[in-house]
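Okay, here's what each chain looks like letter by letter:
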Amino acid sequence: MLAHMLSFGRSLVRRKVVDMDCLEDSKLCRCLSTIDLIALGVGSTLGAGVYVLAGEVAKGNSGPSIVISFLIAALASVMAGLCYAEFGARVPKTGSAYLYSYVTVGELWAFITGWNLILSYVIGTSSVARAWSGTFDELIGGHIEQFCKTYFRMNSPGLAEYPDFFAVCLILLLSGLLSFGVKESAWVNKVFTAINVLVLLFVIISGFVKGDSANWDITEESLVNVTIVRRNLSIMDNVTSDYGAGGFFPYGFSGTLAGAATCFYAFVGFDCIATTGEEVKNPQKAIPIGIVVSLLICFLAYFGVSAALTLMMPYYLLDEKSPLPVAFEYVGWSPAKFVVAVGSLCALSTSLLGSIFPMPRVIYAMAEDGVLFKALARINPKTKTPLIATMSSGIVAAIMAFLFDLKALVDMMSIGTLLAYSLVAACVLILRYQPDASYGKSRGSGDREGEAESELTESESHLNMLNKDGGLTLNSLFKPSLLPTEQTSTVVNMAVGVIVVLICIISTITTHYQDAIVAMAPWALGVLAASFGVFIVCVIIICRQPQTSRRVSFMVPLLPFLPILSVFVNIYLMVQLSGDTWIRFSIWMAVGFLIYFGYGIWHSTEHQRERQGCGSLPEKVPAIGKEPCAEQFIHPDKTSRC
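Residues numbered from 1 in each chain as written. Predicted model: local features only at pLDDT ≥ 70, side-chain atom pairs only at ≥ 80, totals over all residues. Heavy atoms only, no water.

Colleague: Explain the overall build of the protein chain here, please?
Modeller: In terms of regular secondary structure, the protein chain is built from 26 helices and zero strands. By residue count, 54% of the 642 residues in the protein chain fall in the buried class. Summed over all atoms, the accessible surface of the protein chain reaches about 27,300 Å², with 66% contributed by carbon and sulfur. (Helix = DSSP H or I, 4+ residues; strand = E, 2+ residues; numbered from the N terminus. Buried < 20%, exposed > 50% of the residue type's maximum accessible area, 1.4 Å probe, protein only. Areas by Shrake-Rupley, 256 points an atom, 1.4 Å probe, with all protein chains shown as cover.)

So, in structure tokens, the structure goes:
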């Protein structure tokens, strides 16, 4: 009985092995360039939010300091982006955060990550499609909504007010486009992204031409007068401004930080680049460049639009739903709103494509590994795309857009995305402190002893190493060897696990027990002090451990601080989500666990490999290269042609 339980436990943490000699082998078509990846990242990230979010945050949270809010949000997003970039250089395969988790922390966490990414992409696709439909309907006078409400009204709770036929057609059309081939999809995406960027450039230049710097330094007295007029109060009353204290930080720096938390979600979307590992030429360089450059372009666009908007008109007059058209009317450029409408539709189109594009690739990667149904991994021999995964995911997204009111479900997207960001950051930490020897050798170089040793799980090898070295001591924690070993790797793994738990505790207390902290409750202060103390000790221990000497084309700077800070930001934002969101998330996870424990755990390729044994198979290595200092790149002329 105990043996079966141990075997079951080992199967949950078994890690995917990737043969670095076969990195250039791909069933998909390698036809994307670095420019294609940048356009995909910009199009997916720079969605319709840039036309709406700036007005909403500036009016309610930040005022003119929204530019600082976007800067803070961009820095937080870049931390996650850099972690993705390093993994893209180390493991240039399809699967994004799912694959990165699989090769580092094991199969169960990988499935959880992949299952949540699917949820995020499905809801994202459906919600953006309904937004596209609504925006287009507004341009033509609302005839579609009026017709559907008259003849197809639905009054059931949880369902939409009316079925959105237009959104369904849009999703199926783009799914068909993606099934045709990735090259054609990339070309369409580049066209729409270029139009979107040109419109935003027009907005930014117009804002600086027609703007007034006085709008960044509005006095509190004028805000009080506006409040008196709007609320129809007497001048003699002791009135407090409804719009802050004026100046560049009208709501204080706390308001700027609150705005940054909202703006963070504006940078979600760049991770779709990481799903193209098997469809891009020279992915070990193109993926890091694509992620970093696309985030930089998006930050400049958000920064420029928010600056132009708050310069064109006072922040308290901004319209929360359509700030740009109202701002152009305010400065006397009413026809410019049609340019903004075109840009908004293009932005929604690229955002929709950015949601649909990675969804079948994550499904394909999971099905290829056997944790989802194998039929979803079939590749069309003509188009070199995962046809079944593309169309089935498109149909599911279309059904959701057709029937459901997605406003209540949109927060669930955040859990999947933030969980993926957190895991990728933690995985970078774990990988960078692994011993060079654990990366293995190239195919055919291993002996029988190496093959037998590769059958040990990570935890077993760590226990053997600890027993061999006489266990952990304070001296070994703070004065480890100069080169990474199994023992130093185990220390880092344990420290990372403790840090994640402590971040959850700190985030929960600071979010849900603020009153206890303000009241100086001993238990709250004690738990926080102890948590921060252990947190600092764990960070110091990680800093003392030696890093691997292996180098790849891109590596995260400021290790271990940057990944730890990224994990902190992501978990803190996850804790802010409502209880209803977590209940819905639990239901989705329950469905996922039924699939995994009923099918995936028994049909995964790693399970089959373990059953067959390694004696008849060439030795494979974890997805990190051949020799300690070797850097391998994929040559386009050796990959499949389209």
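Colleague: What is the right way to look at the side chain of N116 in this model?
Modeller: Within the fold, N116 resides in helix α6 (residues 107–139). Residue N116 is classed as buried on the basis of its relative accessible area, which comes to 0%. Once you skip the residues sitting within four places of it in the chain, N116 turns out to touch G416, L419, F585, W588 and M589. (Contact = heavy atoms within 4.5 Å.)

Colleague: Sorry, what's going on with helix α14 (residues 336–356) here?
Modeller: Three- or four-residue spacings in an α-helix give side chains the same orientation, since the helix completes a turn every 3.6 residues. With 21 residues, α14 should reach 30 Å at 1.5 Å per residue; the first-to-last C-alpha distance of 30 Å fits that figure. When you tally the buried positions in α14, you get 17 out of 21 residues, the bulk of the element. (Expected span 1.5 Å × (residues − 1).)

Colleague: Which parts of the structure should I look at to understand unusual backbone geometry?
Modeller: Negative phi values dominate among residues other than glycine, just as trans dominates among peptide bonds. In this chain, L559 is followed by P560 through a cis amide linkage whose omega measures 5 degrees. Note that P560 resides in the loop between α23 (522–544) and α24 (561–575). In this model, K384 sits at a positive phi of 55 degrees, which is unusual for a non-glycine residue. You can see K384 is positioned in the loop between α15 (358–368) and α16 (387–403). Assessed through its relative accessible area of 18%, K384 is described here as buried. Not every positive phi belongs to a glycine, and M520 is a case in point at roughly 60 degrees.

Colleague: Is there a simple way to think about a nonpolar patch on the surface in this case?
Modeller: Among the surface-exposed residues, V501, I505, Y513, W523 and V527 lie close enough to one another that they form a single nonpolar patch of about 440 Å² accessible area. Of all the secondary-structure elements, those providing two or more residues to the nonpolar patch are α21 (486–512) and α23. Mapping Y513 onto the fold places it in the loop between α21 and α22 (514–518). Residue classification places Y513 among the partly exposed residues on the basis of a relative accessible area of 41%. (Patch = residues over 30% accessible without salt bridge, like charges linked within 9 Å, V, L, I, M, F, W, Y side chains within 5 Å. Salt bridge = Lys/Arg side-chain N within 4 Å of Asp/Glu carboxyl O.)

Colleague: Can you help me understand the environment of Y364 in this one?
Modeller: Structurally, Y364 can be placed in helix α15. Taking relative accessible area as the criterion, Y364 reaches 3% and is therefore assigned buried. For the pair Y364 and R378, spaced 14 residues apart in sequence, the C-alpha separation works out to 7.9 Å.

Colleague: Explain α16 here, please?
Modeller: In a regular helix each residue adds 1.5 Å, so 17 residues correspond to 24 Å; α16 covers 24 Å between its end C-alpha atoms and thus fits that length. Taken together, the buried positions of α16 are A389, T390, S393, G394, A397, A398, M400 and A401. Buried residues of α16, seen end-on, are gathered within an arc of 160 degrees and therefore sit on one face of the element. Contacts from the buried residues of α16 go to α6, α8 (165–180) and α15. (Arc of directions from axis to C-beta.)

Colleague: Sorry if this is basic, but what is going on with the packing of helix α13 (residues 323–330) against α14 here?
Modeller: Packed helices, taken two at a time, are described by the angle their axes make and the gap between the axes. Packing of α13 against α14 leaves a shortest axis separation of 9 Å and a crossing angle of 165 degrees. Overall, the two elements α13 and α14 adopt an arrangement that is roughly antiparallel. The handedness of the crossing between α13 and α14 is right-handed. Contact with α13, carried on its side by L324, P325, F328 and E329, involves A336, K337 and V340 of α14 and no other residues of that element. A breakdown of the residues in the contact of α13 with α14 according to their chemical character gives five nonpolar, no polar and two charged. (Axes fitted to C-alpha atoms, helices over the stretch in contact; angles between N-to-C directions. Parallel < 35°, antiparallel > 145°, perpendicular 65-115°, else oblique. Left-handed = near helix turned anticlockwise from the far one by under 90°. Nonpolar A, V, L, I, M, F, W, Y, C, P; charged D, E, K, R; others polar.)

Colleague: Which parts of the structure should I look at to understand the nonpolar core?
Modeller: General note: in soluble globular proteins, nonpolar side chains tend to be found buried as a group. Y84, F87, F267 and L372 are the most contacted members of the largest nonpolar core, which has 168 residues in total. Setting aside anything within four residues of it in sequence, one finds Y84 in contact with S96, A97, Y100, F270, D271, A274, I291, A420, Y421 and V424. (Core = buried A, V, L, I, M, F, W, Y, C linked by side-chain atoms within 4.5 Å.)

Colleague: What am I meant to see in the packing of aromatic side chains here?
Modeller: The geometry of an aromatic ring pair is captured by the separation of the ring centres together with the interplanar angle, meaning the angle of the planes. By the definition in use, this model includes 36 aromatic pairs. With a centroid separation of 6.1 Å and 70 degrees between ring planes, the pair formed by Y84 and Y100 is classed as edge-to-face. Of this pair, Y84 sits in helix α4 (residues 66–90) while Y100 sits in helix α5 (residues 96–102), and the two are 16 residues apart along the sequence. Between F136 and F166 the ring centres are 5.2 Å apart and the planes differ by 15 degrees, which places this aromatic pair in the stacked class. (Phe/Tyr/Trp six-rings, centres within 6.5 Å; stacked < 30°, edge-to-face > 60°.)

Colleague: I tried to follow the confidence of the model for the protein chain on my own but got confused; where do I start?
Modeller: The predicted structure's coordinates, where accompanied by low pLDDT, should not be read in detail. Summing up the model confidence of the protein chain, the mean pLDDT is 83 and the portion of residues at 70 or higher is 87%. Across the protein chain, the element-wise mean pLDDT spans from 40 in helix α18 (residues 448–454) up to 94 in α23. pLDDT under 50 marks residues 437–468. Its contacts with residues more than four places away, or in other chains, come to 49 contacts. Here residues 614–638 is modelled with pLDDT under 50, and outside its nearest four sequence neighbours on either side it reaches 77 contacts, counting other chains as well. (pLDDT = per-residue confidence, 0-100.)

Colleague: What am I meant to see in the pattern of salt bridges here?
Modeller: Side chains that differ in charge, positive against negative, can pair when their charged atoms come close. The final tally for this structure, using the stated rule, is 14 salt bridges. A salt bridge links R90 to E86, with the shortest nitrogen-to-oxygen separation between them at 2.9 Å. On the criterion of helical spacing, the pair formed by R90 and E86 is a turn pair, its members being four residues apart in helix α4. This pair shows no difference in class: R90 is buried, exactly as E86 is. Put simply, K93 and E278 hold a salt bridge, and the shortest N to O gap is 4.0 Å. You can see K93 sitting in the loop between α4 and α5 and its partner E278 sitting in the loop between α11 (252–264) and α12 (283–312), a full 185 residues away along the chain. The structure contains a network of salt bridges with shared partners spanning E145, K149, R153 and E161.

Colleague: I tried to follow the packing of α4 against helix α17 (residues 410–432) on my own but got confused; where do I start?
Modeller: Put simply, α4 and α17 touch, their axes get as near as 9 Å, and they point 55 degrees apart. The angle between α4 and α17 falls in the class oblique. The crossing of α4 and α17 is left-handed. In this structure, α4 uses A80, C83, Y84, E86, F87 and R90 to contact α17, whose residues at the interface are A420, Y421, V424, A425, C427, V428, L431 and R432. Of the residues in the contact of α4 with α17, the class split is 11 nonpolar, no polar and three charged.

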